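# Notes for the structure review
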Amino acid sequence: MQLTAMHHCRKCGKAVCGKCSSKRSSIPLMGFEFEVRVCDSCHEAITDEERAPTATFHDSKHNIVHVHFDATRGWLLTSGTDKVIK
């Protein structure tokens, strides 16, 4: 008897086999800005609106000297030695 690897869909939480979870999707409203494993059923049901990013990403190859989180706006601000706020 061969055991099938089980995975959890990041959308509904069901444990599904690899054959039933061959898709990946971002789900930013659930905290998944990058693609994660979802079951095939959820992949079909996730709307473009649910896939819309809630964050913006910037090149941060600068030396960060200060970090500030603005909870009212949901912004994470950094400034580096170049004095540019990102």
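Structure: above.
The paragraphs below set out a description of the structure included in this document. Please read these numbers as outputs of a predicted model, since none were measured by experiment. (Residues numbered from 1 in each chain as written. Predicted model: local features only at pLDDT ≥ 70, side-chain atom pairs only at ≥ 80, totals over all residues. Heavy atoms only, no water.)

### So, the pairing of strand S4 (residues 32–38)
The side chains of a regular strand alternate between both faces of the sheet. Note the following rule: Paired strands, as defined in this entry, are two strands with at least two bridges between them according to DSSP. Under the scheme used here, helices are H or I runs from DSSP no shorter than 4 residues and strands are E runs no shorter than 2 residues, and both carry numbers assigned from the N terminus.
Two strands pair when backbone bridges link them, and strand S3 (residues 23–27) and S4 are joined in this way by four bridges, in the antiparallel orientation. Note that in S4 the partner of Ile27 across the bridge is Phe32. The hairpin formed by S3 and S4 contains four residues between the paired strands, and Gly31 there has a positive phi angle of roughly 95°.

### Considerations on the nonpolar core
The criterion, for reference: Think of a nonpolar core as a cluster: buried Ala, Val, Leu, Ile, Met, Phe, Trp, Tyr and Cys residues, connected wherever their side-chain atoms sit within 4.5 Å. When a residue's accessible area, from a 1.4 Å probe over protein chains only, is under 20% of the maximum for its type it is buried; when over 50% it is exposed; and in between it is partly exposed. Contact criterion: two residues are considered in contact whenever any of their non-hydrogen atoms come within 4.5 Å of each other.
Within the largest apolar cluster, eight residues are counted, these being Cys9, Val16, Ile27, Val36, Val38, Cys39, Cys42 and Ile46. Excluding its chain neighbours within four sequence positions, the residues that come into contact with Ile46 are Lys11, Ser25, Ile27, Val38 and Arg51.

### Considerations on the environment of Lys19
Take Lys19: it is sitting in the loop between strand S2 (15–17) and S3. For Lys19, a relative accessible area of 72% puts it in the exposed group. Along the backbone, Lys19 and Ala5 are 14 residues apart, and their C-alpha atoms lie at a distance of 9.5 Å.

Fair warning: the whole summary comes from geometry, so function is off the table for now.
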